[in-house]
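# An overview of the molecular structure
These are the residues of each chain, in order.
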Amino acid sequence: MSHATKDQAENMVDQVDTSTLSRAAIFDSGFAEKAKAGQDSLQKLTIGETVKIYKKAIFWSLMVSMCVIMEGYDQILIGNFFAYPEFAKKFGNYYPGIGYQLTAAWQSGLSNASNAGGFVGVLMNGFLVGRFGYKRVVLGALVCLSALIFMTFFAPNVTVLCVGEVLCALPWGIFAASAPAYAAEVLPVTLRVFLTSYTNMCFIIGQLIAAGVLKGLVNNGTEWSYRIPFAIQWVWPVVIFPVLLFAPESPWHLVRKGKFDKAKIMLKKLQSESPKVDTDLILASIVYTNKLEEELSVGTSYWDCFKGPEKRRTEIACMSFCGQVFSGMNFAYNSSYFYQQIGLGTNQIYQFSVGGMALALFATILSWIFFLPRFGRRTLYIWGLTVLTTILIIIGILGVKSDQKSVAYTQAVLTLIWTVIVELSIGQLGWAIPAEIGSTRLRQKTVCLARDSYYIFNLLGVLEPYFMNPTEWNLKSYTAFFWSGLSIMTLVWAYFRLPETKDRSNDEIDVLFTKGISARKFSSYQVDAFHQREIVDLVVRQAMDGEIGDQEKAYSNQIEHSTST
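Residues numbered from 1 in each chain as written. Predicted model: local features only at pLDDT ≥ 70, side-chain atom pairs only at ≥ 80, totals over all residues. Heavy atoms only, no water.

Let's shift gears to the overall build of the protein. Scanning the protein from terminus to terminus reveals 28 helices and two strands. Among the 565 residues that make up the protein, the fraction classed as buried is 59%. Within the protein, contacts between residues separated by at least 24 positions form 80% of all contacts whose residues are at least 6 apart in sequence. (Helix = DSSP H or I, 4+ residues; strand = E, 2+ residues; numbered from the N terminus. Buried < 20%, exposed > 50% of the residue type's maximum accessible area, 1.4 Å probe, protein only. Contact = heavy atoms within 4.5 Å.)

At a minimum axis separation of 8 Å, helix α10 (residues 189–217) and helix α22 (residues 426–437) run at an interaxial angle of 130°. Between α10 and α22, the crossing angle belongs to the class labelled oblique. Handedness of the α10/α22 crossing: right-handed. Along the contact surface, α10 presents Arg192, Val193, Thr196, Ser197, Thr199, Asn200 and Phe203, while α22 presents Gly427, Gln428, Trp431, Ala432, Ala435 and Glu436. Classifying every residue of the contact of α10 with α22 gives five nonpolar, six polar and two charged. (Axes fitted to C-alpha atoms, helices over the stretch in contact; angles between N-to-C directions. Parallel < 35°, antiparallel > 145°, perpendicular 65-115°, else oblique. Left-handed = near helix turned anticlockwise from the far one by under 90°. Nonpolar A, V, L, I, M, F, W, Y, C, P; charged D, E, K, R; others polar.)

Turning our attention to the environment of Tyr100. Of note, Tyr100 is situated in strand β2 (residues 99–101). Under the relative-accessibility criterion, Tyr100 is labelled partly exposed at 39%. When the C-alpha atoms of Tyr100 and Phe87 are compared, they prove to be 9.2 Å apart, with 13 residues separating the residues in sequence. Non-local contacts of Tyr100, meaning those with residues more than four positions away in its chain, are made with Ala88, Lys89, Asn93 and Tyr94.

Here we take up unusual backbone geometry. Despite not being glycine, Asp503 shows a phi value in the positive range, around 65°. Inspection of the secondary structure puts Asp503 in the loop between α25 (479–497) and α26 (506–515). Judged by relative accessible area, Asp503 falls into the exposed class, the value being 52%.

Take helix α15 (residues 279–295) next. Since the α-helix advances by 3.6 residues per turn, residues separated by three or four positions end up pointing in the same direction. Here α15 is 17 residues long and its end C-alpha atoms lie 24 Å apart, about the 24 Å a rise of 1.5 Å per residue gives. Within α15, 15 of the 17 residues are buried, leaving the element largely enclosed by the surrounding structure. Residue Asp278 occupies the N-cap position of α15, its side-chain oxygen lying 2.7 Å from the main-chain nitrogen of Asp280. (Expected span 1.5 Å × (residues − 1). Polar contact = N/O pair within 3.5 Å; in protein donor to acceptor, adjacent residues only side chain to side chain.)

Our next topic: helix α23 (residues 443–457). With 15 residues, α23 extends 21 Å between its outermost C-alpha atoms, agreeing within 8% with the 21 Å of an ideal straight helix rising 1.5 Å per residue. Burial runs high along α23: 13 of the 15 residues are buried.

So, about the nonpolar core. A general trend in soluble globular proteins is that nonpolar side chains are found buried together. Of all hydrophobic cores here, the largest spans 163 residues; its most connected members are Phe87, Phe175 and Leu244. The residues contacting Leu244, other than those within four sequence positions of it, are Trp60, Met63, Val64, Cys67, Lys135, Val138, Leu139 and Leu142. (Core = buried A, V, L, I, M, F, W, Y, C linked by side-chain atoms within 4.5 Å.)

The next point concerns the pattern of salt bridges. Enumeration according to the criterion identifies 14 salt bridges in this entry. The closest approach of N and O atoms between Asp280 and Lys264, which form a salt bridge, is 2.6 Å. Of this pair, Asp280 sits in helix α15 while Lys264 sits in helix α14 (residues 260–270); the two residues are 16 residues apart in sequence, bridging distant segments of the chain. Given the relative accessible area of 16%, Asp280 is considered buried. One network of salt bridges, with partners in common, ties together Glu185, Arg256 and Arg443. (Salt bridge = Lys/Arg side-chain N within 4 Å of Asp/Glu carboxyl O.)

Spelled out as structure tokens, the structure:
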């Protein structure tokens, strides 16, 4: 097989109406140099320069992520309604000496209805985005959600409400999987962690809005005290839909589809004119990365996420996301029902809830300014999880005296501290790591699998009402011991399996995983993703490992022979 000449390699990018690029493009030194120049130009930019050049990409990433506000809003809505007088009276039962309560079974059902629907929605997203692109899928989901909100707003009984929550969660799942993946594809490495983790901030914004709405309506003695919060969800589609009609599609998606001319147009829409960034070079780096992953036999199906080096990448994405559950989020995060069970009053409960959400938002901003730019993903994840585990153990120990008012307040304050720590660490990284750990060809599906893993293990939240409910196990503060045990196991996993990807390009991450570098050596390992000999060795290695077929092996042998001569 003949190689493309240097001139041909340059024309592959300059002539963007070309329908296909040569398979051998990554082995041509001229094309590789062009791609490397594009990547280097981005990595040399400071954060300030990157923000200035990519301010349009930042705006569109923010707008797509804004859709996630709705899921964060609803999560807090349902969880807080359990301690909400009018909601409990409408959908619960009366217990002498206790008052109106939803049964533990219905509490579990409503708490996990959005998880069930979100799980299916995320899986759908993986297929739909691969075929139609981010823009059309997100717009379609907004239309569907606008119609489905009617079910929760007019729900006459708890059964209809539960079904409505499941159906509304279908588009929520689409938003949750699309937002971080879209951010990772339209922004350079310098801004990747900020905008992928912004999805987490949108959850917090939604939760803060919900807490504020509930606080304002807690003394409303009519059915509108819980209907109005549902109705507010119609605001977001009305605002976001017309704006996203003008959003650019991901250039990475278009390159995977072979639409290089459109990819170049989208790149120009995402960045401002600057002598420091050349659109042709950036497109070359995207094409190079896509070609490199093709040579490393990276496919685009869900099944490909469990083949070869992708198995490890999928494991890391899923576990880093699930760490949010295992660290005790169902217990300590915005724990209004926990506050009620340790004896706090209704007004105190919602003051703690609103205060907790405000602290979460503050911690997220603080993390962006002081922590994410200075510390690696692995460092923040491990140390954050260590502190969270310690707090849970202390809450459990204090359960011996939780009948005392001062101890109950101390436990409530500790949950607020827990909230701050989680947002400084795994709360944001649970979103950022899956979006950057997967290969670019499987990024969307890797994020989908990670989010679905979160939904699956979040079913452990089914146990939470039984732990806390006075008509069931009534463990109250001792529930913290259960979650601290899971948190310790996650901490052990993170130490041995979570790699450092800070400041690593997509190509470098591809090479590191293909070489099987240990998680603890990721940050120090030297790699050149554009070195021709190294790339050839990787392709041949994949062939020898049986990851590609006979035709691919023959091609690899041809490439190895030609580069050696």
